[in-house]
Amino acid sequence: MKYLTTIWSTLALIVILVGIRIADPQIVEQIRLITFDNYQNTLEVKKSDQIVIINIGEDALAKHGQWPWPRSYMAATINDLRGVDAGLIGITTMFPEKDRFSQDDILSRYLAGTVLGQLGDSNGRSEKGPHVGTAILGEGDPLKYMYQFKGLVSNVDILEEATWGVGLVNGAPEIDGITRRIPLIGNINNQPYPSFSLEMVRVLQQRLSYTMRVGLDGIEDVMIPPYDPITTDSTGSIWINFKKEFDTYEYGALTDHGHDSIPDLSGKTVLLGVSAAGIQPQVATPVGLLYPHQIQANVLQTIIDGDTISRPQWADLAEIGISLIVVLAIVLSVYYLPIWASASVALAGISISVGSVFYLWSEFLILLDLSYSLILYIP
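The following refers to the structure shown. Keep in mind that this is a model prediction, so the values were computed, not measured.

## Comments concerning the packing of helix H9 (residues 315-336) against helix H10 (residues 339-364)
Where H9 meets H10, the axes come as close as 8 Å, and the angle between the chain directions of the two elements is 170 degrees. The pairing of H9 with H10 is recorded here as roughly antiparallel in orientation. Each of Val326, Ala329, Ile330, Ser333 and Val334 in H9 lies in contact with H10, whose residues at this interface are Ser342, Val345, Ala346, Gly349 and Ile350.

## Observations concerning the side chain of Lys244
As for its position among the elements, Lys244 is in strand S15 (residues 244-250). Taking the relative accessible area as the measure of exposure, Lys244 reaches 9% and is therefore buried. A polar atom in the side chain of Lys244 sits 2.8 Å from the side chain of Asp305. Side-chain polar atoms of Lys244 contact the side chain of Asp307, separated by 2.5 Å. Contacts of Lys244, omitting those with residues within four sequence positions, involve Val45, Lys46, Asn298, Gln301, Thr302, Asp305 and Asp307.

## Quick look at the pairing of strand S7 (residues 165-168)
The alternating pattern of S7 places Gly165 and Gly167 on one face and Val166 and Leu168 on the opposite face, and all of these are buried. Both strand S3 (residues 114-120) and S7 contribute to a ladder of four bridges, which runs parallel. Bridge pairing links Leu116 to Val166 in S7.

## Details of the sheet that holds strand S12 (residues 218-223)
The strand order across the open sheet formed by four strands is S4-S11-S12-S13, and the pairing between neighbours is mixed. Edge positions in the open sheet fall to strand S4 (133-138) and strand S13 (230-231), since each of these has one partner strand only. Summarising the sheet, strand S11 (residues 209-215) and S12 pair through five bridges and their orientation is antiparallel. Each bridged residue has a counterpart across the sheet, and for Met212 the counterpart in S12 is Val222.

## A word on empty space enclosed by the protein
Applying the stated rule across the entire model yields two cavities of 30 Å³ or more. Estimates place the volume of the largest cavity at around 50 Å³. Along the walls of the largest cavity sit Phe36, Asp37, Gln40, Arg180, Trp239, Ile240, Pro286, Ile309 and Leu367, which together make up its complete lining. Tallying contributions element by element places helix H2 (residues 26-40) first for the lining of the largest cavity, with three residues. By volume, the second largest cavity amounts to about 30 Å³. Along its surface, the second largest cavity is lined by Gln118, Pro130, His131, Val166, Tyr193 and Pro194. When the residues that make up the lining of the second largest cavity are grouped by side-chain class, the tally is four nonpolar, two polar and no charged.

## Observations regarding the sheet that holds strand S9 (residues 185-188)
Sheet architecture is open: three strands sit in the order S5-S9-S10, paired in mixed fashion. This sheet does not close on itself; its edge strands, each paired only once, are strand S5 (147-149) and strand S10 (192-194). The average angle at which neighbouring strand axes cross in this sheet is 40 degrees, direction not considered. One ladder, built from three bridges, connects S9 with S10; its direction is antiparallel. Bridge assignment links Gly186 to a residue of S10, and that residue is Tyr193.

What counts as what
- Residues numbered from 1 in each chain as written.
- Predicted model: local features only at pLDDT ≥ 70, side-chain atom pairs only at ≥ 80, totals over all residues.
- Heavy atoms only, no water.
- Axes fitted to C-alpha atoms, helices over the stretch in contact; angles between N-to-C directions.
- Helix = DSSP H or I, 4+ residues; strand = E, 2+ residues; numbered from the N terminus.
- Parallel < 35°, antiparallel > 145°, perpendicular 65-115°, else oblique.
- Contact = heavy atoms within 4.5 Å.
- Buried < 20%, exposed > 50% of the residue type's maximum accessible area, 1.4 Å probe, protein only.
- Polar contact = N/O pair within 3.5 Å; in protein donor to acceptor, adjacent residues only side chain to side chain.
- Pairing = 2+ DSSP bridges.
- 1 Å grid on protein atoms, 1.4 Å probe; cavity = no way out; pocket = protein on both sides within 12 Å on 5 of 7 lines; lining within 4 Å.
- Points joined across faces, edges and corners; volume = space filled by probe spheres on them.
- Nonpolar A, V, L, I, M, F, W, Y, C, P; charged D, E, K, R; others polar.

Right, here's the structure in full:
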């Protein structure tokens with residue numbers, strides 16, 4: 001028993017725990033991600049005054065019939081939104097096949113001022129090139145860091161030619177199936193394709209391209225003036241700030257007085273998507289199940305607000321290094337200093353570690369893992 005309480009056994013246990021963190025098994029990663037989810041709960045919810053969400057739900061299906069609608073019905077929907085002064089309209093619903101009623105030409109005449117979605121997929125048959133160019137700053141090939149897709153599911157040609165922008169709607173679910181990040185850029189057949197939200201920003205600012213900064217360890221940020229650089233992880237993905245609130249309206253719904261429930265939108269940006277039961281699957285997020293157009297609204301608002309959450313590339317090394325220094329100081333003080341002194345060292349070390357994590361989060365929205373440090377301090 002005495003060997004289990006020696007300084008050497010304690011140090012051996014610390015080495016084992018550090019080795020587990022370096023190996024980063026799934027359970028450790030899941031605990032870290034759950035910790036990050038709890039960080040977001042400390043943020044105040046911001047009400048958007050720039051973006052509204054329009055759902056195509058049960059009321060809309062009662063108005064226009066079963067899904068998928070003939071394309072003329074979607075044209076009527078866009079026209080109705082124009083009638084209440086909608087600004088740029090982002091449509092996450094895709095149109096990969098020609099309309100069975102041969103009404104694609106009708107819809108194409110209403111797509112000015114819209115952005116459509118595409119999907120990177122290994123079974124995608126499209127070989128279209130991206131609609132916009134990419135400027136690259138820094139050294140290295142950004143394509144090797146991006147999420148890669150062998151194929152592309154795109155919309156029919158006449159619609160993509162009429163719309164003002166097209167972007168990928170792919171997410172990047174974590175190991176627990178929850179979507180916390182979304183790629184701003186994807187690699188399809190060795191070409192960079194912008195995401196849906198990035199295209200929305202580009203069109204809103206009337207830019208012809210976007211700029212990507214690349215470092216030695218991957219992609220660092222994406223820029224579309226006048227917004228601040230959008231900090232990404234090395235793959236070009238953005239952590240989504242979900243603490244956003246949007247005015248949400250049901251297309252086709254009426255008020256108690258028989259008027260259209262959608263008020264004058266005063267030129268606000270619209271995210272339009274299907275929410276009717278059984279059509280569009282919801283996506284698991286840290287704040288619950290959301291539809292794709294709701295997720296895109298959060299991404300777009302995150303970019304507009306400039307409150308991008310980031311986890312720097314040095315985060316893993318900093319977490320392991322600082323935690324190891326603190327725990328070694330605590331262990332040595334326990335064995336070689338008086339009780340009052342060792343208690344002071346432990347309190348100071350833990351306070352500095354925890355305080356630093358919360359300071360970086362509250363001031364800069366930088367994600368550092370507190371769960372690993374607290375586990376390491378237990379021995």
